Amino acid sequence: MARILRPPAAHRTVAYFLALSSAVFAAVHVAWAAGWRGGVPAEIAPIGERPVFLAYDLVATAIIAIGAGLFAWFGTGIESTVWHRRVTSAMSVGSCLALARGVPASMLDVVTLLRGDQVQAVGIVADLWFCVVGAGGFVIASSARRRRSTRS
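Residues numbered from 1 in each chain as written. Predicted model: local features only at pLDDT ≥ 70, side-chain atom pairs only at ≥ 80, totals over all residues. Heavy atoms only, no water.

Colleague: Explain the environment of Gly67 to me, please; I cannot follow it from the model alone.
Modeller: Position of Gly67 relative to the elements: it lies in helix H2 (residues 51–74). Here the alpha-carbon distance between Gly67 and Arg86, two residues 19 residues apart in the chain, equals 9.2 Å. Not counting residues within four places of it along the chain, the set of residues in contact with Gly67 comprises Val87 and Met91. (Helix = DSSP H or I, 4+ residues; strand = E, 2+ residues; numbered from the N terminus. Contact = heavy atoms within 4.5 Å.)

So, in structure tokens, the structure goes:
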């Protein structure tokens, strides 16, 4: 019977936050794709008209939500090394996708604000969310890898 090694409480809390916030983020994107305009200014095209952007956001969000959820629920993994590697690798890929979206966009937000131009609040929140979730995903993945290597 495979045993489960629970991660530290602080890491489980981060994992639950990542999983839940990713699920909410994905739900909002699906609602936007269905035509809801909540929080999106009129001058920004609906996300349903930007399918590549929508797909990218949903893929990165799904990877992080599933990986963080598995980590929070099952701990650092069942004894199966293959599944442990898959989950931590997925978290790392999702984190890279999130940071690749969030960091450049956040830098652009800062430059735009420094020039004295306006930035939409919904854009700033989304950009910062991607940065926080990307960094959090790396924390979870590295925690799982460290705890796994100390058991071996």
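Colleague: Even after reading the chapter, I still don't get the nonpolar core, so can you show me in this structure?
Modeller: Generally speaking, nonpolar side chains in soluble globular proteins are found buried as a group. Of all hydrophobic cores here, the largest spans 18 residues; its most connected members are Ala15, Leu18, Ala68, Met91, Phe130 and Ile140. Elements supplying a minimum of two residues to this core: helix H1 (9–33), H2, helix H3 (81–114) and helix H4 (121–151). No other element matches the seven residues that H4 contributes to this core. In this structure, Met91 is in contact with Leu18, Ile63, Ile64, Gly67, Ala68, Gly137, Ile140 and Ala141, ignoring residues within four places of it in sequence. (Core = buried A, V, L, I, M, F, W, Y, C linked by side-chain atoms within 4.5 Å. Buried < 20%, exposed > 50% of the residue type's maximum accessible area, 1.4 Å probe, protein only.)

Colleague: What am I meant to see in H3 here?
Modeller: Since there are 3.6 residues in each turn of an α-helix, residues three or four apart along the chain are aligned in direction. Taking 1.5 Å per residue, 34 residues should reach 50 Å; H3 reaches 48 Å between its end C-alpha atoms and fits that length. One or two steps after H3, the chain reaches Gly116, where phi turns positive at roughly 95°. (Expected span 1.5 Å × (residues − 1).)

Colleague: When you look at the environment of Leu97 in this model, what are you seeing that I'm missing?
Modeller: Here Leu97 shows up in helix H3. Here Leu97 falls in the partly exposed class, since its relative accessible area comes to 23%. Between the C-alpha atoms of Leu97 and Ile63, which are 34 residues apart in sequence, the distance is 9.4 Å. Beyond its immediate sequence surroundings of up to four residues, Leu97 is in contact with Tyr56, Val59, Ala60 and Ile63.

Colleague: Is there a simple way to explain the confidence of the model for the protein chain in this structure?
Modeller: Caution applies to low-pLDDT parts of the model: their predicted coordinates are not meant to be read in detail. When pLDDT is averaged along the protein chain, the result is 80; 86% of the residues meet or exceed 70. At the level of individual helices and strands, the protein chain shows its lowest average pLDDT in H2, which scores 80, and its highest in H3, which scores 88. (pLDDT = per-residue confidence, 0-100.)

Colleague: Help me understand a nonpolar patch on the surface in this model?
Modeller: Nonpolar side chains collect at one region of the surface, where Tyr16, Leu20 and Trp73 lie side by side and expose about 380 Å² of accessible area between them. On the secondary structure map, Trp73 appears in helix H2. By relative accessible area, Trp73 is classed as exposed at 58%. (Patch = residues over 30% accessible without salt bridge, like charges linked within 9 Å, V, L, I, M, F, W, Y side chains within 5 Å. Areas by Shrake-Rupley, 256 points an atom, 1.4 Å probe, with all protein chains shown as cover. Salt bridge = Lys/Arg side-chain N within 4 Å of Asp/Glu carboxyl O.)

Colleague: How should the side chain of Ser22 be read in this particular structure?
Modeller: Examined against the element boundaries, Ser22 turns out to sit in helix H1. Aside from chain neighbours lying at most four places away, what touches Ser22 is Phe17, Thr61, Ile64, Ala65, Trp129 and Val133.

Colleague: What is the right way to look at the environment of His84 in this model?
Modeller: Looking at the secondary structure, you find His84 in helix H3. Assessed through its relative accessible area of 7%, His84 is described here as buried.

Colleague: For this particular structure, what's the right way to read the pattern of salt bridges?
Modeller: Side chains that differ in charge, positive against negative, can pair when their charged atoms come close. Counted by the stated rule, this structure contains three salt bridges. One salt bridge connects Arg115 with Asp117, and the closest N-O pair in it is separated by 3.1 Å. Among the charged side chains, a salt-bridge network with shared partners connects Asp57, Arg101 and Asp127.

Colleague: Would you mind going over the side chain of Ser21 with me for this structure?
Modeller: Turning to its location among the elements, Ser21 is positioned in helix H1. Under the relative-accessibility criterion, Ser21 is labelled buried at 14%. Among the polar contacts made by the side chain of Ser21, one reaches the main-chain carbonyl oxygen of Leu18 at a distance of 3.4 Å. Those residues in contact with Ser21 that sit more than four places away from it in its chain are Trp129 and Val133. (Polar contact = N/O pair within 3.5 Å; in protein donor to acceptor, adjacent residues only side chain to side chain.)

Colleague: Is there a simple way to explain the packing of aromatic side chains in this structure?
Modeller: In this description, an aromatic ring pair is defined by two values, namely the gap between the centres and the angle between the planes. Here the structure, examined in full by the defined rule, presents four aromatic pairs. Consider the rings of Phe25 and Trp129, whose centres lie 4.0 Å apart with planes at 5°: the pair is stacked. Taken together, the residues Phe25 in helix H1 and Trp129 in helix H4 connect sequence positions 104 residues apart. One exposure class covers both Phe25 and Trp129, and it is buried. Ring geometry for Trp129 against Phe130: centres 5.1 Å apart, planes inclined by 80°, an arrangement best described as edge-to-face. Three or more aromatic residues link up through ring pairs in this structure, and these residues are Phe25, Trp129 and Phe130. (Phe/Tyr/Trp six-rings, centres within 6.5 Å; stacked < 30°, edge-to-face > 60°.)

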